[in-house]
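Residue-level listing of the chains:
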2 protein chains.
Amino acid sequence: MKDIAKNLNVSKTAVSLVLNNKGNENKISQDTQKRILEYAKKHNYAANSLARGLSRGKSETIGLIIPEISDDHYAKIAGHIERKAKGYGYVVVYASSNRDPKNETKLIQSMINRQVDGLILASTQQNSEDIDMLLENNYPFVLVDRLYPEKETNYVVVDNFGGVQKATEHLLNLGRRKIGFITLKPGLEAMRQRLLGYQETLKQFNIKPNNALVKELSNEDYKVQIKEALEELVRFPNSVDSIIFSTHYLTSLGLRELRRLNIKVPHEVAIVSFDERGAFDLVDPPITSIKQPGSEIGELSVDILMDEIQGNKSGVDKTRMLEPFLIVRKSCGA
Amino acid sequence: MKDIAKNLNVSKTAVSLVLNNKGNENKISQDTQKRILEYAKKHNYAANSLARGLSRGKSETIGLIIPEISDDHYAKIAGHIERKAKGYGYVVVYASSNRDPKNETKLIQSMINRQVDGLILASTQQNSEDIDMLLENNYPFVLVDRLYPEKETNYVVVDNFGGVQKATEHLLNLGRRKIGFITLKPGLEAMRQRLLGYQETLKQFNIKPNNALVKELSNEDYKVQIKEALEELVRFPNSVDSIIFSTHYLTSLGLRELRRLNIKVPHEVAIVSFDERGAFDLVDPPITSIKQPGSEIGELSVDILMDEIQGNKSGVDKTRMLEPFLIVRKSCGA
DNA sequence: TTGAAAGCGATACCAT
DNA sequence: ATGGTATCGCTTTCAA
């Protein structure tokens, strides 16, 4: 920029103004503007965003912290976030917490140091203090997919309760009565809501929830625990006639295990998966799933964040709960 | 930092030095160091990376440009890249080109303006000029998964030729002789190599490649074209007994179509997929696939890039071709 | 209309 | 050992 000012015998100010489309606003002569623009193009000048960011106090970058970018679900969301952000002139830097609150804390700090203008957080939900800190500092952020129910934050989540409700009703309407539920240990509000959705729906159908049919696996050891859980569920005295898996990777693992146990799906046990995975429609049998609206999740979270960053002028709704929908396939025998 | 210098009656220099662990190096008194460190911790000071970046000329950020973050394959690679980069103290900003060279050009520029220290590129491979530009400017970058064969760049790719060779041999050894090949229109070196791998392997087995058995779909319209392609392949006079799909999403689509056509896999037609997708082991039948070493791809690309950024001191090999491996499942009847 | 100059928050060189 | 100061590249205020 210095170069171009020098070579054109104009001031840095003029150059800056023109390059930021404030030429007219500041009444810089058309001639000068044209010269500057042309020179800039010829030497394909482009601003150094670090310098600009430092000066303006904005980096035009948003930080995305998720459990794992390679997870189908988050990858999809990340895709929509990026596309939407690009529309606002923003880029996104992502980081995976690997579901570890300590990592999350570090990442949030790191993002802040890097002066991201705002944060999209699929939080581990075990970091109250971090959330409080962000809130206190009025730092723009939105929770996505994960929620701190007791805190007043912006968020975009799906109706986990309602989603499982649909699944449970589906099974009940097909005559299944002994419905197992395989999920992860509480800690995540989403998981709590899913379990609740299951239990409450049973009650609505006058079926007393039986805790023996609910298997809560630990986050670390679910790959092993699911085997035992499944064996218990399909054996007397439980002998379920159907199972709801509370997340897609449990479904995959569970299905493998059911095959090993030689259980016929859906004949002996029907299954429903919360959340989709790549080829669930091609699986044998195709898996009835509760699908989350990934594009809406991603796009809304960016819209909300942008409004937050730009000082709340658009009046978008800052707390959104989206409806997931049931995709009926063959795994329930329907 | 100004604050802390003022409040402690020391110079900004001292503060900077201490905070960057150069206190001892520069012989700053232990006492001063301790005071600075404590003060910094108490007020949880953290450096502004924009300022630091501007001053040092490094952002400690790497840019990742891929066709699509939500694609299983790239999401996985992105995960490994991120993890590895974190180890080097780097974060990664990603952007999807959506397979459009124009987008890619823009993104490369944008990344450079944002002062990323280096670029990892899964290029559309139709942007020679961009590559030349990077090369000329000595900009640190590595191509990943995609290659400009005629250019001297750093890269990490898989042996596409060899991968398909394994698949083809597998089918041949199982007695299949009329092998169809469904792929995308050339443009990507990877696709060229896959096709070559197929053709050359046939020749090695003294089978004359028959162009009627090769279907090259367009990038835009493959979802429609694959139907016709498949119908032609399974009908007289082609009547293939097996099909290789050159990428995972073609496999998914193809399988759906084969079902619609009521073709029995693997009885009537065996299939092999280049590249895995989420639940391919659960599909009916489980799909024999050529699996790419995602973690190696991601990690090596970061190692190479870091060496490049830091001035080539580690002596890592800057061009790597990794071997994919065949995962034999049921879709070939083996 | 245009230009000079003061920051933005750090780093690093040069004195002291 | 410590402090002053120029500098990174750009924005923005204030005068001219």
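Please read all numbers here as calculations on a predicted model, not as lab measurements. (Residues numbered from 1 in each chain as written. Chains lettered and ligands numbered in written order. Predicted model: local features only at pLDDT ≥ 70, side-chain atom pairs only at ≥ 80, totals over all residues.)

Asks: Would you take a moment to explain the overall build of chain A for this structure?
Replies: If you tally the helices and strands in chain A, you get twelve helices and twelve strands. For chain A, whose C-alpha radius of gyration is 26 Å, the value lies well above the compact-globule estimate of 20 Å for 334 residues. Along the first, second and third principal axes, the C-alpha atoms of chain A reach 90 × 40 × 35 Å. Expressed as a percentage of its 334 residues, the buried residues of chain A come to 48%. A fraction of 68% describes how many contacts in chain A between residues 6 or more apart in sequence connect residues 24 or more apart. (Helix = DSSP H or I, 4+ residues; strand = E, 2+ residues; numbered from the N terminus. Rg over C-alpha atoms; globule rule 2.2 N^0.38 Å. Buried ≥ 20, exposed ≤ 12 C-beta atoms within 10 Å, placed from the backbone. Contact = placed C-beta atoms within 7 Å.)

Asks: Is there a simple way to explain helix α11 (residues 248-260) of chain B in this structure?
Replies: Residues lying three or four places apart along an α-helix face the same way, a consequence of the helix completing one turn every 3.6 residues. All names here are of chain B. Here α11 is 13 residues long and its end C-alpha atoms lie 19 Å apart, about the 18 Å a rise of 1.5 Å per residue gives. Looking only at α11, the buried set comprises H248, Y249, L250, T251, S252, L253, G254 and L255. Tucked into the core, α11 has its buried residues touching α5 (72-87), β6 (179-184), α10 (222-234), β8 (242-245) and β9 (270-274). Immediately downstream of α11, the backbone of N262 shows phi near 65°, a positive value. (Expected span 1.5 Å × (residues − 1).)

Asks: Would you explain the protein's contact with DNA strand C in this entry?
Replies: In the neighbourhood of DNA strand C, 26 residues make up the surrounding shell, with K27 and I28 of chain A together with M1, S16 and A51 of chain B lying closest. Secondary structure elements with two or more residues in the surface near DNA strand C: α2 (12-19) and α4 (49-56) of chain A together with α2 (12-19) and α4 (49-56) of chain B. Ranked by residues supplied to the surface near DNA strand C, first place goes to α4 of chain B with five residues. (Near = placed C-beta within 6 Å.)

Asks: So what exactly am I meant to see when it comes to the relation of the copies chain A and chain B here?
Replies: Two chain copies, one operation linking them: a rotation about an axis together with a shift along it. It takes a turn of 180° to lay chain A on chain B, together with a shift of 0.0 Å along the axis; the resulting RMSD is 0.1 Å. With respect to symmetry, the two chain copies, as superposed, fit the operation of a two-fold axis. Comparing contact sets, 100% of the residues at the interface of chain A also lie at the interface in chain B, consistent with an isologous, same-surface contact. (Least-squares fit on C-alpha atoms with pLDDT ≥ 70 in both.)

Asks: Hey, could you run me through the protein's contact with DNA strand D in this one?
Replies: Taken together, 27 residues lie around DNA strand D, and M1, N48 and A51 of chain A together with T13 and K27 of chain B are the ones closest in. Listing elements by their share of the surface near DNA strand D, those giving two or more residues are α2 and α4 of chain A together with α2 and α4 of chain B. Class assignment of the residues belonging to the surface near DNA strand D gives a composition of ten nonpolar, twelve polar and five charged. (Nonpolar A, V, L, I, M, F, W, Y, C, P; charged D, E, K, R; others polar.)

Asks: I would appreciate a short explanation of the pairing of β6 of chain B in the present structure.
Replies: Residue and element names in this part refer to chain B. β6 sits mainly inside the fold: six of its six residues count as buried. A two-sided burial pattern is seen for β6, the buried positions comprising I179, F181 and T183 on one face and G180, I182 and L184 on the other. Across four bridges, the pairing between β6 and β8 is parallel. Looking across to β8, one finds that I179 is bridged to S242. Sheet topology note: the β6/strand β7 (residues 214-217) ladder contains four bridges and is parallel. Bridging across to β7, F181 finds its partner in V214. Between β6 and its parallel partner β7, the chain crosses via helix α9 (residues 189-204), and the hand of that crossover is right-handed. (Pairing = 2+ DSSP bridges. Right-handed = clockwise from strand over helix to strand, strands pointing away.)

Asks: I keep staring at the nonpolar core and nothing clicks. Help me out?
Replies: One finds V92 of chain A together with V92 of chain B to be the most contacted residues of the largest nonpolar core, which totals 84 residues. Apart from residues no more than four positions distant in its own chain, V92 of chain B is found in contact with V93 and Y94 of chain A together with I62, L64, I81, E82 and A85 of chain B. By size, the runner-up hydrophobic cluster in this structure holds 76 residues, among which are V164 and V265 of chain A together with L213 and F274 of chain B. (Core = buried A, V, L, I, M, F, W, Y, C linked by C-beta atoms within 7 Å.)

Asks: I keep staring at the interface of chain A and chain B and nothing clicks. Help me out?
Replies: Accessible area lost on assembly of the parts is the figure often given for the size of an interface. Facing 39 residues of chain A, the contacting portion of chain B comprises 39 residues. Only α4, α5 (72-87), β2 (91-96), α6 (101-113) and α11 (248-260) of chain A provide two or more residues apiece to the side of chain A that touches chain B. Its residues assigned to classes, the side of chain A that touches chain B comprises 18 nonpolar, 13 polar and eight charged.

Asks: What exactly am I supposed to notice about the packing of α5 of chain B against helix α12 (residues 294-309) of chain B here?
Replies: When two helices pack together, their arrangement is given by the angle between the helix axes and the distance between those axes. All names here are of chain B. The N-to-C vectors of α5 and α12 enclose an angle of 40°; their axes lie 8 Å apart at closest approach. Here α5 lies oblique to α12, going by the angle between them. Our pair here, α5 against α12, has a crossing hand that is right-handed. Of the residues in α12, those touching α5 at K76, I77, H80, I81, K84 and A85 are G294, S295, I297, G298, E299, S301 and V302. Residues that form the contact of α5 with α12 fall into these classes: five nonpolar, five polar and three charged. (Axes fitted to C-alpha atoms, helices over the stretch in contact; angles between N-to-C directions. Parallel < 35°, antiparallel > 145°, perpendicular 65-115°, else oblique. Left-handed = near helix turned anticlockwise from the far one by under 90°.)

Asks: Sorry, what's going on with the domain arrangement of chain A here?
Replies: By domain assignment, chain A separates into domain 1 (2-47), domain 2 (58-157 + 294-321) and domain 3 (160-293 + 326-332). One C-alpha centre belongs to domain 1 of chain A, the other to domain 3 of chain A; they are set 63 Å apart. (Domains from an automatic or database assignment.)

Asks: What's the story with the environment of D281 of chain A in this structure? I'm lost.
Replies: Residues and elements named next belong to chain A. Position of D281 relative to the elements: it lies in the loop between β9 (270-274) and β10 (288-291). On the basis of neighbour counts, which here come to 17 C-beta atoms within 10 Å, the residue D281 falls in the partly exposed class. A C-alpha to C-alpha distance of 9.9 Å links D281 and V328, two positions 47 residues apart in sequence. Filtering out sequence-adjacent residues up to four positions away, D281 remains in contact with P286 and R329.

Asks: What is the right way to look at unusual backbone geometry in this model?
Replies: Leaving glycine aside, a negative phi is the common case for residues, and trans is the common case for peptide bonds. Put simply, F236 of chain A and P237 of chain A share a cis peptide bond, and its omega is 10°. With respect to the element layout, P237 of chain A can be found in the loop between α10 (222-234) and β8 (242-245). A cis geometry characterises the amide bond from V265 of chain B onward to P266 of chain B, with omega recorded as 5°. Along the chain, P266 of chain B turns up in the loop between α11 and β9. Here the phi dihedral of Q125 of chain A falls at roughly 65°; this positive angle occurs in a residue that is not glycine. Inspection of the secondary structure assignment puts Q125 of chain A in the loop between β3 (118-121) and α7 (128-136). On the neighbour-count criterion, Q125 of chain A (22 C-beta atoms within 10 Å) is buried. Positive phi is not limited to glycine here, since N206 of chain B has a value of about 60°.

Asks: For this particular structure, what's the right way to read the sheet that holds β8 of chain B?
Replies: Think of a sheet as strands paired side by side through backbone hydrogen bonds, with each pair either parallel or antiparallel. Residues and elements named next belong to chain B. Ordered in space as β7-β6-β8-β9-β10-β12, the six strands form an open sheet in which the pairing is mixed. Of all strands in the sheet, those bounded by a partner on one side alone are β7 and β12 (325-327). Recorded for the sheet is a direction-independent mean angle of 20° between the axes of neighbouring strands. Along the sheet, helix α8 (residues 160-173) makes contact with β6, β8, β9, β10 (288-291) and β12, crossing β9 at roughly 170°. Each of β6, β7, β8 and β9 is contacted by α9, which is oriented at about 170° to β6, the strand it contacts most.

Asks: Mind showing me how you'd approach the sheet that holds β10 of chain A here?
Replies: All names here are of chain A. Here six strands make up an open sheet; going across it, the order is β7-β6-β8-β9-β10-β12 and the pairing mixed. Pairing within the sheet leaves two strands with one partner each, and these edge strands are β7 (214-217) and β12 (325-327). Across the sheet, the axes of successive neighbouring strands diverge by a mean angle of 20°, strand direction being ignored. Examined bridge by bridge, β8 and β9 share four bridges and lie parallel to one another. For S242, the partnering residue across the bridge sits in β9 and is A270. Its contacts with the sheet place helix α9 (residues 189-204) against β6 (179-184), β7, β8 and β9, and it is angled at close to 170° to β6.

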